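Observations on the model geometry
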Amino acid sequence: MKKILVTGGLGYIGSHTVVELQNSGFEVLIIDNLSNSTLDALQGITNITSVAPAFEKLDLRVKADVSDFFKRHQDIAGIIHFAASKAVGESIEKPLLYYENNVSTLVYLLQECNIHKINNFIFSSSCTVYGEPDAVPITESAPIKTAMSPYGNTKQICEEIISDTCAVSDVRSILLRYFNPIGAHHTAELGELPSGVPQNLVPFITQTAAGLREQLRVFGNDYPTPDGSNIRDYIHVVDLAKAHVISLKRLLSEENASDLEVFNIGTGRGSSVLEVIHAFEKVTDQKLNYKIVERRAGDVVSVYADTVKANNVLGWSAQKTMEEALASSWKWEKKVRNIT
Ligand code: NAD
Ligand code: WQD
C-alpha cells in the first residue's frame, strides 16, 4: 500500500480526497493545523471508509516541524498539497499572511521532496490564475493574467515555483486548476463549513435556506450573459476529489507526458447565478429569498473550463450533476444545523 501525504487533508476538498484515496487502497497520512477545519472531518472520513487515516496536527509554516516530520516518515510515495488560505477578500486585507501560508509552506515541502526523494507532487491550483479570460471555455494554454488578489497571486507564484523545481530536480508534478467546487459527500459526513459569513455562492444559498442568513444577494443581473448574471463552472467536490486520485496514479505509474502537467478540473458547462438558484429551489422544493443588488467588485463575467485535456489525457470527466451537488450541499447544511 503506497503512503500518500495529504496536507490540508481535513479541509473541504482535502477530506473528500482522503476518502477517495482510501477507497482506492492508498494509505493516507494527513497534516493539518486545524486553522480552517476541525477533527469532525477526521471522524467523517473514518465513518465513510471505516479506516481512520493517520493525522498529525502540524503547521506547515514552521520549517523545523516540517523537516522533523519528514525525518520521521521516510516512506512517503507522493504528496497532495491542499493546505493554504483561500479567502480572496481576506488576502487583500492580509497579504503577508497569504504569501507566508501559501508560498513559504510550498517551498518547505518541495525542499523536503528533494531531500527525501519524494518525486510525485500534486498541487491545488485555481481557475483564478486565468483572471478575466479572453475567451470561454478556457483551455490550459490560455494566458495567465495579472492576479486580481494576493490569493490569486499566490497560486500563480506557486505554479512557477513548482515549474522551476521540476526543471532542475526529480520532482514530477500535476497542477490541477479547480473551477468552482460545490457539494458535499452524499452521506453528509463531510461538507463545506465556512467560518463566518460565507463568501461563496452555494454556502450562502444553503445558509439562507437554513435561516441563518435573511437574504441572498445576487451580485448583478446586467452582465452580458443570457440572464444577466455571472457564469461559472460548478464542479462537484467528489468529482474533483477523484481527479486527484487519477492524477496521483498517473504520476506513480510514470504515465505523465512531462515533468509538469496542468489540467483544468471543471464540468465544461457554465451556469449562471440565477440558474444555480433555480436549480436549488427545484431540488429542495422551496423558495429562496434573494434579491438582485449591485455587481461585486472584482467579479469576472463568465468563466468555465475547456475540459478536453482532462478528459482525453487524464481520462477524467465530471460525472455528477448540478442537482446532485446542490442536493448534497443542502443535506449537509441540514445535518450541521440539526434541521429535519
Ligand atoms: P479549506 O480551507 O477547507 O482546506 C485547507 C486546509 O488546510 C484546512 O483544513 C486548513 O486548516 C489547512 N491549513 C491551512 N494552512 C495550513 C498550514 N499552514 N499548515 C497546515 N494546515 C493548514 O480549503 P479548500 O476549499 O479545501 O481548498 C483546498 C485547496 O484548494 C487550497 O489550496 C485552495 O486554495 C484550493 N482551491 C480551493 C477552491 C475553492 O473554491 N474551495 C478553488 C480553487 C482552489
Ligand atoms: C460565484 C458567483 C458571484 C455570493 C471564488 C474565488 C476563486 C475560486 C473559487 C479559489 C459569482 C455570485 C456569490 C453571493 C452572488 N477559489 N455570488 N452572491 O468568485 O467565482 O470564485 O471561488 O481558488 O478564486 O474567487 O466564487 O462562489 O464567490 O461566486 O451573487 O452571495 O456567485 O458574483 O458570480 P467566485 P463565488
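Structure shown above.
Predicted, not measured: the structure shown is a model, and the values here were computed from it. (Residues numbered from 1 in each chain as written. Chains lettered and ligands numbered in written order. Predicted model: local features only at pLDDT ≥ 70, side-chain atom pairs only at ≥ 80, totals over all residues. Heavy atoms only, no water.)

What follows deals with the packing of aromatic side chains. Evaluated as defined, the whole model comprises four aromatic pairs. Here the aromatic rings of Tyr98 and Tyr151 are separated by 6.5 Å at their centres, their planes lie at 85°, and the arrangement is edge-to-face. Taken together, the positions of Tyr98 in helix α5 (residues 95–116) and Tyr151 in helix α6 (residues 150–168) put the pair 53 residues apart, joining distant regions of the chain. In this arrangement the basic side chain of Arg295 is found over the ring face of Tyr223, its NZ or CZ atom lying 4.0 Å from the centre. Of note, Lys309 hangs over the ring of Phe263, and the distance from its end group to the ring centre comes to 4.9 Å. (Phe/Tyr/Trp six-rings, centres within 6.5 Å; stacked < 30°, edge-to-face > 60°. Helix = DSSP H or I, 4+ residues; strand = E, 2+ residues; numbered from the N terminus. Lys NZ or Arg CZ within 6 Å of the ring centre and 35° of its normal.)

Near ligand 2 there are 19 residues, and of these Ser126, Tyr151, Arg217, Arg232 and Asp299 occur at the shortest range. Within the contact set of ligand 2, an oxygen atom lies 2.6 Å away from a side-chain nitrogen or oxygen of Arg232. For ligand 2, whose unbound accessible area comes to 690 Å², protein coverage reaches 87%. When residues of the shell around ligand 2 are traced back to their parent elements, those giving at least two are α7 (201–209) and β8 (216–219). Counting residues per element, the shell around ligand 2 draws most heavily on β8, which supplies four residues. Both domains that furnish three or more residues to the shell around ligand 2 are identified here as domain 1 (3–181 + 235–265) and domain 2 (201–232 + 268–337). (Near = heavy atom within 4 Å. Polar contact = N/O pair within 3.5 Å; in protein donor to acceptor, adjacent residues only side chain to side chain. Areas by Shrake-Rupley, 256 points an atom, 1.4 Å probe, with all protein chains shown as cover. Domains from an automatic or database assignment.)

So, on to the pattern of salt bridges. In this structure the tally under the stated criterion is 17 salt bridges. Lys3 is the partner of Asp75 in a salt bridge, and the nearest nitrogen-oxygen pair spans 3.3 Å. One end of the pair, Asp75, is in the loop between α3 (63–72) and β4 (76–81); the other, Lys3, is in strand β1 (residues 3–7), with 72 residues separating them in the sequence. Between Glu189 and Lys335 there is a salt bridge; the shortest N-O distance is 3.9 Å. On the criterion of sequence distance, the pair formed by Glu189 in the loop between β7 (180–182) and α7 and Lys335 in helix α11 (residues 322–336) is long-range, its members being 146 residues apart. Lys335 sits in the partly exposed class, given a relative accessible area of 44%. One network of salt bridges, with partners in common, ties together Glu56, Asp68 and Arg72. (Salt bridge = Lys/Arg side-chain N within 4 Å of Asp/Glu carboxyl O. Buried < 20%, exposed > 50% of the residue type's maximum accessible area, 1.4 Å probe, protein only.)

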